[in-house]
Number of protein chains: 2
Amino acid sequence: MTGLGARLRAATDARGPLCVGIDPHAALLRAWGLPDSAAGARELALTVVDAAAPRVGIVKPQAAFFERFGSAGIAVLEEVIRVARAAGLLVIGDAKRGDIGSTAEGYAAAWLAGGAPLESDALTVAPYLGLGALDPLIRIAQEAGNGVFVLASTSNPEGVVVQSARTADGGTVAATIAREAAARNAGAAATREWGDIGVVIGATRPLAESGIAADALAATPILAPGFGAQGARLADIGAIFGAAAATVIPSVSRSVLEAGPEGIAAAIDAHRAELSA
Amino acid sequence: MTGLGARLRAATDARGPLCVGIDPHAALLRAWGLPDSAAGARELALTVVDAAAPRVGIVKPQAAFFERFGSAGIAVLEEVIRVARAAGLLVIGDAKRGDIGSTAEGYAAAWLAGGAPLESDALTVAPYLGLGALDPLIRIAQEAGNGVFVLASTSNPEGVVVQSARTADGGTVAATIAREAAARNAGAAATREWGDIGVVIGATRPLAESGIAADALAATPILAPGFGAQGARLADIGAIFGAAAATVIPSVSRSVLEAGPEGIAAAIDAHRAELSA
């Protein structure tokens with residue numbers, strides 16, 4: 001079984017690291033001329049998958065924009081994930097789930113176990129309850145060859161209250177979470193592979209400003225939002241992430257989706273060109 | 001429109017503060033002789049609602065244990081919430097959602113807006129991205145007369161890495177989040193009411209140990225897990241929460257649910273008796 005880290009690396013080698021977000025929020029559905037319903041979200045999402053599949057290796061559906069339609073929206077999300085994976089895309093479920101013990105296992109059963117209804121290659125998880133609380137979920141993910149992206153340093157300004165707080169060792173919360181995640185990839189690091197435990201680090205601040213040591217992340221995939229509308233530029237990944245730039249998966253949503261159904265393929269191509277420039 | 005705080009207070013005055021968890025995890029379904037399926041979860045959850053409705057004012061379904069069955073599980077959760085509210089219970093959706101901007105609004109549209117598919121009186125939310133990031137969600141909740149419970153200090157030991165980290169003012173993350181939540185209830189505090197913005201504070205540690213000032217929480221509902229199997233005793237609420245004890249809503253799950261379908265009503269009554277002793 002090939003684990004998440006190896007699959008991410010292979011996808012990145014073959015097609016570049018770009019990840020395309022799938023965010024069917026109300027304003028976007030309106031702009032696409034689609035109804036603000038589960039059916040509208042399905043139409044938008046499958047169009048994005050079609051445009052993404054020949055161009056990138058990774059997509060990231062945002063759970064909230066399906067969950068807002070309740071069970072009907074979750075049924076659509078199940079289909080979208082299935083179709084995307086069948087088309088050869090890796091799927092990162094952006095749901096920011098997090099809880100303890102058997103509850104964490106419940107989320108793993110939903111998203112990460114083999115044959116789970118929403119089985120994704122990876123799930124974003126939130127560590128307010130501690131990364132250790134998520135270990136039951138991580139274990140189930142890895143048993144199925146899947147993985148997680150743990151929120152470390154997010155792209156929004158309100159995040160600093162928690163993420164820049166100082167842990168017992170004097171570092172920031174963001175740095176502690178990133179280090180704890182990277183420690184779970186030690187086996188992969190030893191063989192110069194990518195691990196299955198990624199982190200989310202927004203591209204809106206240089207890594208050093210969050211107190212995160214780039215060197216520690218050599219084997220750790222980094223999902224990086226914050227490009228485009230939020231201010232970061234794809235051309236600046238090296239400057240933002242330094243020694244950790246090699247494992248960065250930049251995620252773009254708004255700037256691609258706002259191109260509309262006719263323009264999305266070209267918008268993805270433009271972002272790819274910007275990345276390889 | 002009566003807001004969440006006023007409804008919680010009225011429910012607590014009429015029936016006591018006890019909140020009964022609805023946690024259809026696999027081991028529990030097995031113990032109840034039910035299939036590990038959405039249908040099994042439905043049967044268990046509706047039995048709990050039946051037993052709870054004449055005895056307590058508040059129930060707390062755990063989203064993960066429904067989500068693990070995908071859209072079929074979410075359809076059951078929609079029904080359970082609807083039935084519970086129709087029976088006069090207040091429902092706290094325990095989903096620990098959290099995100100920024102329009103995504104936070106997506107979760108509000110799922111759980112908190114008027115007529116939302118999973119409309120609950122309150123939703124638990126996780127503030128790793130900052131409490132400020134959740135303000136769009138809180139605004140939508142309050143417009144519909146609903147509210148949130150923000151994770152501040154959780155009952156699990158792994159939580160201290162993040163929650164005991166020190167914010168810029170020298171306090172803990174837990175204390176900062178609790179203070180920021182309480183500040184959003186300032187209007188209610190002025191009229192000696194309860195606010196719509198609650199906090200989650202585990203009962204497994206005295207409030208002072210988490211660095212949280214009890215005085216600041218006079219108008220802030222406190223959802224308190226950690227009783228029973230996790231170690232805290234209902235009789236000790238005064239000792240654990242001090243001056244904040246009056247707004248504590250103790251939540252019990254395992255110790256009630258493990259009594260099985262025949263024993264659950266008596267188990268709820270026993271907990272109520274322990275609380276009023």
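Whatever comes next refers back to the structure up there.
It should be emphasised that the depicted structure is a prediction, and the values quoted were computed from it without experimental measurement. (Residues numbered from 1 in each chain as written. Chains lettered and ligands numbered in written order. Predicted model: local features only at pLDDT ≥ 70, side-chain atom pairs only at ≥ 80, totals over all residues. Heavy atoms only, no water.)

Caption draft 1: Looking closely at the overall build of chain A. Helices and strands together make up the secondary structure of chain A, namely 13 helices and eight strands. The C-alpha radius of gyration computed for chain A amounts to 17 Å, which stays within 12% of the reference 19 Å derived for 277 residues, consistent with globular compactness. Its C-alpha atoms give chain A principal-axis dimensions of about 50 × 45 × 35 Å. Counting the 277 residues in chain A, one finds 61% classified as buried. (Helix = DSSP H or I, 4+ residues; strand = E, 2+ residues; numbered from the N terminus. Rg over C-alpha atoms; globule rule 2.2 N^0.38 Å. Buried < 20%, exposed > 50% of the residue type's maximum accessible area, 1.4 Å probe, protein only.)

Caption draft 2: Examining the environment of Ala235(B) more closely. Looking at the secondary structure, you find Ala235(B) in the loop between β7 (222-224) and α11 (237-241). As for Ala235(B) and Asp99(B), which are separated by 136 residues in sequence, their C-alpha atoms are 36 Å apart.

Caption draft 3: Structural view of the interface of chain A and chain B. Counting residues at the interface gives 51 residues for chain A, matched by 51 residues for chain B. Counting the surface lost from both chain A and chain B, the interface buries some 3800 Å², and carbon and sulfur atoms represent 63% of this. Its largest share of buried area at the contact with chain B, chain A owes to Glu67(A), Tyr128(A) and Leu129(A), together 18% of the area lost on that side. Viewed at the interface, chain B and chain A are joined by four salt bridges. Put simply, chain A and chain B have 21 residue pairs in polar contact (both at pLDDT 80 or more) between them. Among the elements of the structure, α4 (64-67), α5 (70-86), β3 (90-97), α6 (101-111), β5 (147-153), α8 (160-163) and α9 (173-183) of chain A are those that each provide at least two residues to the side of chain A that touches chain B. Of the residues forming the side of chain A that touches chain B, the biggest block, seven residues, is contributed by α6(A). Split by residue class, the side of chain A that touches chain B holds 25 nonpolar, 16 polar and ten charged. (Contact = heavy atoms within 4.5 Å. Buried area = accessible area lost by both parts, 1.4 Å probe. Salt bridge = Lys/Arg side-chain N within 4 Å of Asp/Glu carboxyl O. Polar contact = N/O pair within 3.5 Å; in protein donor to acceptor, adjacent residues only side chain to side chain. Nonpolar A, V, L, I, M, F, W, Y, C, P; charged D, E, K, R; others polar.)

Caption draft 4: Seen up close, the sheet that holds strand β4 (residues 122-125) of chain B. Residue and element names in this part refer to chain B. The sheet built from eight strands closes into a barrel, its strands ordered β1-β2-β3-β4-β5-β6-β7-β8 with parallel pairing. Shown here is a sheet whose adjacent strand axes are inclined to one another by a mean of 30 degrees, direction ignored. Two elements, strand β1 (residues 19-22) and strand β8 (residues 248-252), share two bridges in a ladder whose sense is parallel. Residue pairing in the sheet places Val20 in a bridge with Val252 of β8. (Pairing = 2+ DSSP bridges. Axes fitted to C-alpha atoms, helices over the stretch in contact; angles between N-to-C directions.)

Caption draft 5: Quick peek at the side chain of Thr103(A). Structurally, Thr103(A) can be placed in helix α6. Once residues within four sequence positions are removed from consideration, Thr103(A) is found in contact with Gln62(B), Ala64(B) and Phe65(B).

Caption draft 6: Broad picture of the packing of α6(A) against helix α7 (residues 135-143) of chain A. Residues and elements named next belong to chain A. Two elements in contact, α6 and α7, have axes separated by 7 Å at closest approach and are oriented at 35 degrees. Once α6 is placed against α7, the crossing between them reads as right-handed. Between α6 and α7, the residues in contact are Gly101, Ala104, Glu105, Tyr107 and Ala108 and Pro136, Leu137, Arg139 and Ile140, respectively. A breakdown of the residues in the contact of α6 with α7 according to their chemical character gives six nonpolar, one polar and two charged. (Left-handed = near helix turned anticlockwise from the far one by under 90°.)

Caption draft 7: Region of the structure containing the pattern of salt bridges. A full pass over the atoms with the stated rule returns 34 salt bridges over all chains. Among the salt bridges present, the one from Arg68(A) reaches Asp36(A), with a minimum N-O distance of 2.8 Å. Here the residue Arg68(A) occupies a position in the loop between α4 and α5, and Asp36(A) occupies one in the loop between α2 (26-31) and α3 (38-52), the gap between them amounting to 32 residues. Overall, Arg68(A) belongs to the buried group, its relative accessible area being 10%. The exposure class assigned to Asp36(A) is partly exposed, which follows from its relative accessible area of 44%. A salt bridge links Arg184(B) to Asp135(B), with the shortest nitrogen-to-oxygen separation between them at 2.9 Å.

Caption draft 8: Focus on the sheet that holds strand β4 (residues 122-125) of chain A. Residues and elements named next belong to chain A. Pairing is parallel in the closed barrel, where eight strands are placed in the order β1-β2-β3-β4-β5-β6-β7-β8. Neighbour to neighbour, the strand axes of the sheet diverge by 30 degrees on average, direction disregarded. Against the sheet, α7 makes contact with β4, β5 and β6 (197-201), and its axis sits at roughly 140 degrees relative to β5, the strand it touches most.

Caption draft 9: Spotlight on helix α9 (residues 173-183) of chain B. Where burial is concerned, most of α9(B) is hidden: eight out of the eleven residues are buried. Taken residue by residue, α9(B) has Val173(B), Ala174(B), Ala175(B), Thr176(B), Ile177(B), Ala178(B), Ala181(B) and Ala182(B) as its buried positions. The secondary structure elements touched by the buried residues of α9(B) are α8 of chain A together with β5 (147-153), α8 (160-163), α10 (186-190) and β6 (197-201) of chain B.

Caption draft 10: Representation of the nonpolar core within the structure. Formed by 204 residues in total, the largest nonpolar core has its most connected members in Trp111(A), Phe241(A), Trp111(B) and Phe241(B). Each residue touching Phe241(A), except ones within four places of it in the same chain, is listed here: Ile201(A), Gly202(A), Ala203(A), Leu207(A), Ala214(A), Ile222(A), Ala224(A) and Val248(A). (Core = buried A, V, L, I, M, F, W, Y, C linked by side-chain atoms within 4.5 Å.)

Caption draft 11: Examining unusual backbone geometry more closely. All names here are of chain B. In this model, Lys96 sits at a positive phi of 50 degrees, which is unusual for a non-glycine residue. Looking at the element boundaries, Lys96 is found in strand β3 (residues 90-97). A positive phi angle is found at Arg192, which is not glycine, with a value near 55 degrees. With respect to the element layout, Arg192 can be found in the loop between α10 and β6.

Caption draft 12: Structural detail: the relation of the copies chain A and chain B. Turning chain A through 180 degrees and shifting it by 0.0 Å along the axis lays it on chain B, with an RMSD of 0.0 Å. The superposition of one copy onto the other is thereby described by a two-fold rotation axis. In this assembly, 100% of the residues forming the interface of chain A have copies in chain B that are likewise at the interface, indicating an isologous arrangement. (Least-squares fit on C-alpha atoms with pLDDT ≥ 70 in both.)

Caption draft 13: Summary view of the pairing of strand β2 (residues 58-61) of chain B. All names here are of chain B. Burial along β2 is two-sided: the face carrying Ile58 and Lys60 and the face carrying Val59 and Pro61 are both buried. Examined bridge by bridge, β2 and β3 share two bridges and lie parallel to one another. From the neighbouring strand, Ile58 faces β3, where its bridge partner is Leu90.

Caption draft 14: How the structure looks around helix α3 (residues 38-52) of chain B. Here α3(B) spans 21 Å end to end across 15 residues, near enough to the 21 Å set by a 1.5 Å rise per residue. Looking at α3(B), one finds that the buried residues are Ala38(B), Gly40(B), Ala41(B), Leu44(B), Ala45(B), Leu46(B), Val48(B), Val49(B), Ala51(B) and Ala52(B). (Expected span 1.5 Å × (residues − 1).)

Caption draft 15: Just the packing of α3(A) against helix α13 (residues 260-276) of chain A, in detail. All names here are of chain A. Following both chains from N to C, one finds α3 and α13 inclined at 35 degrees, their axes separated by 9 Å at the closest point. As for the relative orientation of α3 and α13, their crossing is right-handed in sense. Every residue of α13 that contacts α3 at Thr47, Val48, Ala51 and Ala52 is listed here: Pro261, Ile264, Ala265 and Ile268. Tallied by class, the residues present in the contact of α3 with α13 amount to seven nonpolar, one polar and no charged.

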